[in-house]
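An overview of the molecular structure
Residue strings, one per chain:
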Amino acid sequence: MLKDITLGQYFPGDTVVHRLDPRTKIVLVLVYIVAMFIAESFASYALMLVVLALAISLSRIRLATVLKGVKPLIFVIAITAFLNIFYTSGRVLVEFWIFKITEEGIFNAIFMSLRIIMLIMGTFMLTYTTSPIMLTVGIEQLLGPLKVIKVPVHELAMMMSMALRLIPTLIEETDKIMSAQKARGADFDTGNLIQKAKALLPILVPLFISAFRRADELAVAMESRCYHGGEGRTRLNVLTMSGRDYISFASAAAVLAGVITLAHFGL
Amino acid sequence: MDIAIKTENLTYFYNVDETGDQDIPDVLDNVSLEIKKGTFVAILGHNGSGKSTLAKHMNALLLPKGGTVTAFGMDTKDESLLLEIRRRVGMVFQNPDNQIVSNVVEEDVAFAPENLGVASPEIRRRVDDALKTVGMYEFRNHAPHLLSGGQKQRVAIAGVLAMDPECIVFDEPTAMLDPSGRRDVMEIIHKLRYERGTTVVLITHHMEEAALADRVIVMSDGHVVMDGKPKEVFVRVEELDELGLTVPETTRLLFELKNAGVDLPLDALSIDECAKVLADKFG
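If you're wondering where the values come from, they're calculated on a predicted model, not measured in any experiment.

Glancing now at unusual backbone geometry. All names here are of chain B. A positive phi angle, close to 50 degrees, is found at Phe72, a residue other than glycine. Tracing the chain through its elements places Phe72 in the loop between β4 (66-71) and β5 (74-75). The class of Phe72 is buried, set by a relative accessible area of 10%. In this model, Asp221 sits at a positive phi of 50 degrees, which is unusual for a non-glycine residue. Take Asp221: it is sitting in the loop between β9 (215-220) and β10 (223-228). A relative accessible area of 53% places Asp221 in the exposed class.

So, about the packing of helix α3 (residues 42-59) of chain A against helix α6 (residues 103-129) of chain A. All names here are of chain A. Where α3 contacts α6, the axes come no closer than 11 Å and their chain directions differ by 25 degrees. It follows that α3 is roughly parallel to α6 by the angle criterion. Note that α3 runs across α6; the crossing there is left-handed. Facing α3, whose interface residues are Phe42, Tyr45, Met48, Leu49, Leu52, Ala55, Ile56 and Ser59, α6 presents Phe107, Phe111, Leu114, Arg115, Met118, Met121, Gly122, Met125 and Thr129. Residues of the contact of α3 with α6, tallied by class, amount to 13 nonpolar, three polar and one charged.

Here we come to the confidence of the model for chain A. Residue and element names in this part refer to chain A. Confidence in the prediction of chain A, expressed as mean pLDDT, is 85, and 96% of residues score 70 or more. Per-element mean pLDDT across chain A ranges from 76 in strand β1 (residues 92-96) up to 91 in helix α2 (residues 22-38). Predicted confidence for residues 1-7 stays below pLDDT 50, and this span has 11 contacts to residues more than four positions away or in other chains.

This part takes up the pattern of salt bridges. Pairing of side chains with opposite charge becomes possible as their charged atoms draw close. Counted by the stated rule, this structure contains 26 salt bridges over all chains. Measuring nitrogen to oxygen at the nearest pair gives 3.6 Å for the salt bridge that ties Arg86 of chain B to Glu223 of chain A. Placement of Arg86 of chain B in helix α2 (residues 82-88) and of Glu223 of chain A in helix α9 (residues 193-224) is noted, with the two residues assigned to different chains. When its relative accessible area of 5% is taken as the criterion, Arg86 of chain B is described as buried. By relative accessible area, Glu223 of chain A is classed as partly exposed at 38%. Between Arg154 of chain B and Asp184 of chain B there is a salt bridge, with the nearest N and O atoms lying 3.1 Å from each other. With Arg154 of chain B in helix α6 (residues 149-161) and Asp184 of chain B in helix α7 (residues 179-196), this pair connects stretches of sequence that are 30 residues apart. Classification of Asp184 of chain B as partly exposed rests on a relative accessible area of 24%. In this structure, a network of salt bridges that share partners links the residues Glu84, Arg87, Arg88 and Glu166 of chain B.

Here we come to helix α11 (residues 249-259) of chain B. Residues and elements named next belong to chain B. Looking at α11, one finds that the buried residues are Thr250, Thr251, Leu254 and Phe255. Angular distribution of buried residues about the axis of α11 spans 130 degrees; they occupy a single face of the element. Pointing more than 90 degrees away from the buried face of α11 are the exposed residues Glu249 and Asn259. Of the surrounding elements, those touching the buried residues of α11 are α9 (230-234), α10 (237-242) and α12 (271-282). Within two residues after α11, Gly261 carries a phi angle of roughly 105 degrees, on the positive side.

Another point: the sheet that holds β10 of chain B. Residue and element names in this part refer to chain B. The strand order across the open sheet formed by six strands is β6-β7-β8-β3-β9-β10, and the pairing between neighbours is mixed. Of all the strands in the sheet, just β6 (89-92) and β10 have a single pairing partner and so form its edges. Sheet twist, expressed as the average angle between the axes of neighbouring strands with direction ignored, equals 20 degrees. Both strand β3 (residues 40-44) and strand β8 (residues 199-203) contribute to a ladder of four bridges, which runs parallel. Its bridge partner being in β8, Val41 is matched across the sheet by Val201. Packing of α7 onto the sheet brings it into contact with β3, β7 (167-171) and β8, and relative to β8 it is tilted by some 150 degrees.

For the rest of this paragraph, the subject is the packing of α2 of chain A against helix α10 (residues 243-264) of chain A. All names here are of chain A. Where α2 meets α10, the closest approach of the two axes is 10 Å, and the angle between their N-to-C directions is 10 degrees. As summarised for this structure, α2 and α10 are arranged roughly parallel, according to the angle between their axes. Taking contact as the criterion, the partners of Thr24, Val27, Leu28, Val31, Val34, Ala35 and Ile38 in α2 are, on α10, Asp245, Ser248, Phe249, Ala252, Leu256, Val259, Ile260 and Ala263. Considering only residue class, the contact of α2 with α10 consists of 12 nonpolar, two polar and one charged.

This paragraph deals with α6 of chain B. Residues and elements named next belong to chain B. Taking 1.5 Å per residue, 13 residues should reach 18 Å; α6 reaches 18 Å between its end C-alpha atoms and fits that length. Among the 13 residues that make up α6, 12 are buried, leaving the element largely enclosed by the rest of the structure. Of all the residues in α6, the buried ones are Gly150, Gln151, Lys152, Gln153, Arg154, Val155, Ala156, Ile157, Ala158, Gly159, Val160 and Leu161. In the core, the buried residues of α6 are packed alongside β6, α3 (105-109), α4 (111-115), α5 (120-133), β7 and α7.

Reading guide: rules and limits
Residues numbered from 1 in each chain as written. Chains lettered and ligands numbered in written order. Predicted model: local features only at pLDDT ≥ 70, side-chain atom pairs only at ≥ 80, totals over all residues. Heavy atoms only, no water. Helix = DSSP H or I, 4+ residues; strand = E, 2+ residues; numbered from the N terminus. Buried < 20%, exposed > 50% of the residue type's maximum accessible area, 1.4 Å probe, protein only. Axes fitted to C-alpha atoms, helices over the stretch in contact; angles between N-to-C directions. Parallel < 35°, antiparallel > 145°, perpendicular 65-115°, else oblique. Left-handed = near helix turned anticlockwise from the far one by under 90°. Contact = heavy atoms within 4.5 Å. Nonpolar A, V, L, I, M, F, W, Y, C, P; charged D, E, K, R; others polar. pLDDT = per-residue confidence, 0-100. Salt bridge = Lys/Arg side-chain N within 4 Å of Asp/Glu carboxyl O. Arc of directions from axis to C-beta. Pairing = 2+ DSSP bridges. Expected span 1.5 Å × (residues − 1).

Spelled out as structure tokens, the structure:
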């Protein structure tokens, strides 16, 4: 059951979006987020919607899959919409008891919900189309200049990729420990919240012990394979920017400029 | 110089607690050994005999508390030689899950040459070569955690091969594997030894594996108690029994027959040899 968790939610593929340099994709997503916050009119939202639709269709990831990412946050979106409807002052449309619904409130609610939904969908496109390893490599290279001010960029990236590497192993281990405890009569499914939490303790203790032991052994194995930090390290797969990356940058700049212009004219 | 690993009066103990209680016995006590280049040496011993501790001295994972260890003429205490020692003396551990560092097989194999600063095209060549040697080339883009134990261990061996080592120390590499995985690993060891001329040090519990070596070293309580060709070591059945070690089943059979009064040589180690000896006697 735990094995069903797909981490990083990466969907392998061989589309233009998949083949983009991870650095490009990270930058594009950042630009997209900025643009989403600048956009505040029908025209700019329409433009951003076109961008999002284009990215999704190019990546050949099913719309239903992308929308699934929004599902866990539906509650947050609902609350945002609710607050916007009732707490925006403006031309009153309906009034009852202490509540007032204004025209501006309705517009705000729609825009805010749409903004959150589109932000989630857009950022999910990054993890859907980029393998965790490539994402780590991309982040490491993008943050590279920060090494000058002594930010341990390589170490952070190594920690991230180690965590990604160990997650499936630890999930498997948890499964095993749970089975072992169940075989000895442990009950994880009944009782109230506190009882359930208490039942988890016999899983967490051995899991932690084994995680530490694994980490120790892994460190020894890494050392015996000549690991000595990021200094002088080379890469099997070197990231290279190609034509499609530059085209994406140009398009992103154009969209951002478009959104800013639209906002400037109050459209 | 034809010596790969040399230990002289190697002594090691784990840290004593702060009360200064010195009664903790040495894990290794005055071990002096020479392992020749290109040979296949098996180290046997029950748990706590010091065999893994000895192995960890060979690539400077542990440094001697007394005596010296040299790998290809380099003193392991010399920190400036550390990377070179570890490159030339690779190490494969028991649990394949705890030595794989990446989510993709080929990236894992590339880990060591990446650390050594090898240029990208050369890393590619070495990774492909190492994966072909262990027969895992078709799996190069797979996720390691979805492979079987034996396959994972082969990936781990490829990861060491990518450093282009001259000596590989295997620390109970088959202990967690099923019989087919065990056979695959032993085949690779055989191949490395005879086709590449790699020096192999194999630490193991399995007598059948040790029987394939050129030389068997038996350890007990931090001492080397036996050292010789497999045939010379395994005929000492009673001593091995006392140390809590078993002997290969062929030797056991011949030993029991001898005890029952049938005069047979004990050194027919392989199944074929054993069968021949029995056939000659009774046939």
